[in-house]
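Summary of structural features
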Amino acid sequence: MFKKPFKVKSNSQLKGSDRKKLRSDILQQFTNLTEDQLNTILPNKETVFQLKVLTHCENLIIVYTVQKLPIIFEFKKIMYPTVYTLWHVPELLPTFTTHPQVLPVIARGADLMLPGVILPHGPSLHAYGRLQRGERVAVNLSTNKAPVAVGLTAHSSYDMYMAAGRGKCVEVLHYYGDLLSTYGTKLSVPELGPAFHTDDSNSVEQVTDQLDSVDTLVSDADKVDLPSGEAEENFSELAQGISNSELEEESNMFEVDSSSSPDVCPDELLKHCFYKALKTTMKKIDLPLLTSNFYKLHMIPACPKERTLDIKKSSYKKLSNFLDEMVKTGVINTESLQKGVQSISKIDYSHESLKHFVDNFSNEEDGACLSVDTTQTNKSSAPEITEKYTVTAAVLPLFYEYDYKKKEAVSASVVRKVVGDYVRVHSLQNSTDRKEVVLDPVMRSATGAPLGVNTLPWDQLVSAVFTQMGHSFKVELGGNEALALTKGKLPPIDIHVGTRSFNKKVTLVNNLELFSINVAEFARECQHGVAASTTINSLPNAKSVQLQIQGNQVAFVGKLLIEKYQIPKRYIRGLENAPKKKK
């Protein structure tokens, strides 16, 4: 947007009333911005100027400057922070991280493509966040979390995940080094530290993928003109490429001595990993599953330790060619989501090739464990819900005696054991009434009892300790374990009935994702089950998306959650909203 020269149509100082309105508009459009942060960006005693500029594309943009430094620009009544503003508040916008060598490409006018985005925890449903198409986002570097570009999402987070690393991620509107950032006062990029800590032992394949992502962006940037020499120089100073010698050293680190392993036909090894993955880890995964994720997350781990799976060394050369061959045999079925993106939609566990597969690379006991129950249904496994309590400052004196530290998560049984042991060791039971416990200073702090209360019954004592502790939870469903405990109390799946235009009823379901339920798959099941349209909505400040189903479908949703997903009833709220059966 500001790559080419723009024309300043007016430049006026804001009056006091306009300044107050600007502050109000900024806080309204950026709900996570605090007053203190706004005062840092827009100091009370500093003069604010409003510029109306006309870009080379004839777009009218309003730019607000402080001390000749552009802080906000407004386009079609939507405000966007400049990179200077984001350096003060890096968390103001959702951020995508890319490689330093991508910077010169963005400087030539290219957008950020999906291959150039770094996913620290690998591809997953929410690796790209919970964004909708057209949301404001920032771009930073793996070496420095200070944002260097601002733009809009080209697709929703779900579509980015389904694109399997292909296509556009961010449409860049403004970047460090464009003519807006060089207008008036110019600052250098601050050093805010790396975006995240990475493992130094990256494989040569990961390094090659990083370089390939740059090539992808270069091909898109060839059609645009080069920026000014000054901007190009700024990006050259920031970019840090990977030299050929470093790449060779990385390759040598991960080179496998093939002479130490017996000769195995690459095609046979590929089929071995395919069948082993289907009979082991894939049994716990709900379909459909992207073929790229199937290869990376299931086939590669199924490869024997002393061998390396490389599909390029096989006669198939590409994963799609191999899977097409497996489809012809009837073991699996695939469906095309879009051009170049496929998913596995069905697995035939009764197929002879799969039934008679034996893992010859493992011992007999391991082979016996790989047998498949061909009578299994598509019914999901019951979720394993773990709720724990966190040691807070109030209960720390009590738990410190048992070597527990602050913020450490413990189960309810551990809490009861600690309370019981402490009462017995310190002889706190009332001598006249054994059901009462005398409160010493440590126990008084742990229960939060007021000064006038000197004793508590056993049942109230434990409950009071629970209320003084924090909460955390973890849900495992279908073999997919959460990376870590999630802070807070696990909210139930909430089902309620609302109304929309013309008083039409809709069923709204919240918190499905917190129970590791694939909302898109759940929506499809509802569509087929009750023949009703569904919509997935993103709500502000919500921990998960909301599923909207046409009509009152509470009874069907409740039955699906209880019977197929086996969610305990105590974690489902709103079943009473189902329509009453007519007598």
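Not measured: the values here are computed from a predicted model.

In summary, soluble globular proteins display a tendency toward joint burial of nonpolar side chains. Counting residues in each nonpolar core, the largest one holds 34 residues, and the members touching the most others are I26 and F73. Elements that contribute at least two residues to this core include exactly α1 (16-29), α2 (35-41), β2 (48-54), β3 (60-66), β4 (69-75), β5 (78-81) and β9 (144-153). Broken down by element, this core gets its largest block of residues, five residues, from β3. Ranked by size, the runner-up nonpolar core spans 29 residues in total, among them F274, M282, A302 and V331.

This part covers the pattern of salt bridges. For the structure on display, the rule yields nine salt bridges. Across the salt bridge formed by K168 and D111, the nearest N and O atoms sit 3.1 Å from each other. Note that K168 is positioned in strand β10 (residues 168-175) and D111 in the loop between α4 (103-107) and β7 (112-113), a separation of 57 residues in sequence. By relative accessible area, which is 28% here, K168 ends up partly exposed. On the basis of relative accessibility, which here comes to 18%, the residue D111 falls in the buried class. When the shortest N-O distance is used, the salt bridge between R573 and D494 registers 3.3 Å. With a gap of 79 residues between them, R573 in strand β24 (residues 572-573) and D494 in strand β20 (residues 493-499) connect regions that are remote in the sequence. We classify R573 as partly exposed; its relative accessible area is 46%. Several salt bridges share partner residues, and in doing so they unite K417, D421 and R424 into one network.

Scored by pLDDT, the protein comes out at a mean of 79, with 82% of its residues at no less than 70. Here helix α13 (residues 364-368) is the element of the protein with the lowest mean pLDDT, 36, and strand β8 (residues 136-141) is the one with the highest, 94. Confidence drops under pLDDT 50 across residues 198-262; counting only partners more than four residues distant or on other chains, this segment forms 80 contacts. A low-confidence stretch, residues 363-379 (pLDDT under 50), is modelled with 17 contacts involving residues beyond four sequence positions or located in other chains.

Spatially, five strands are ordered β22-β23-β21-β20-β24 in an open sheet, and the strand pairing comes out mixed. Of all strands in the sheet, those bounded by a partner on one side alone are β22 (534-537) and β24. In this structure, β22 lies alongside strand β23 (residues 546-550), joined through four bridges in antiparallel fashion. Bridged to T534 within β23 is I549. Where helix α19 (residues 554-564) meets the sheet, it contacts β20, β21 (505-510), β23 and β24, and its direction lies at approximately 165° from that of β20.

Attention now moves to the environment of Q546. Within the fold, Q546 resides in strand β23. Separated by 37 residues in sequence, Q546 and V509 have C-alpha atoms that sit 5.8 Å apart. Contacts of Q546, omitting those with residues within four sequence positions, involve L508, V509, N510, T535, I536, N537 and L539. Among the polar contacts made by the side chain of Q546, one reaches the side chain of N510 at a distance of 3.1 Å.

This paragraph deals with the layout of surface pockets. Estimated volume of the second largest pocket: approximately 1,100 Å³. Taken together, 38 residues line the second largest pocket, and the ones lying closest to its centre are L93, P94, L131, E135 and R136. Top contributing element to the lining of the second largest pocket by residue count: strand β6 (residues 95-98), with three residues.

As enumerated under the stated definition, the model contains 15 aromatic pairs in all. A ring pair is formed by F274 and F322, whose centres lie 5.4 Å apart and whose planes are at 85°; its orientation type is edge-to-face. Of this pair, F274 sits in helix α9 (residues 266-279) while F322 sits in helix α11 (residues 319-329); the two residues are 48 residues apart in sequence, bridging distant segments of the chain. Considered together, F274 and F322 belong to a single accessibility category, that of buried residues. By the ring-pair criterion, three or more aromatic residues cluster together here, those being F274, Y275, F294, Y316, F322 and F357.

Rules used throughout
Residues numbered from 1 in each chain as written. Predicted model: local features only at pLDDT ≥ 70, side-chain atom pairs only at ≥ 80, totals over all residues. Heavy atoms only, no water. Core = buried A, V, L, I, M, F, W, Y, C linked by side-chain atoms within 4.5 Å. Buried < 20%, exposed > 50% of the residue type's maximum accessible area, 1.4 Å probe, protein only. Helix = DSSP H or I, 4+ residues; strand = E, 2+ residues; numbered from the N terminus. Salt bridge = Lys/Arg side-chain N within 4 Å of Asp/Glu carboxyl O. pLDDT = per-residue confidence, 0-100. Contact = heavy atoms within 4.5 Å. Pairing = 2+ DSSP bridges. Axes fitted to C-alpha atoms, helices over the stretch in contact; angles between N-to-C directions. Polar contact = N/O pair within 3.5 Å; in protein donor to acceptor, adjacent residues only side chain to side chain. 1 Å grid on protein atoms, 1.4 Å probe; cavity = no way out; pocket = protein on both sides within 12 Å on 5 of 7 lines; lining within 4 Å. Points joined across faces, edges and corners; volume = space filled by probe spheres on them. Phe/Tyr/Trp six-rings, centres within 6.5 Å; stacked < 30°, edge-to-face > 60°.

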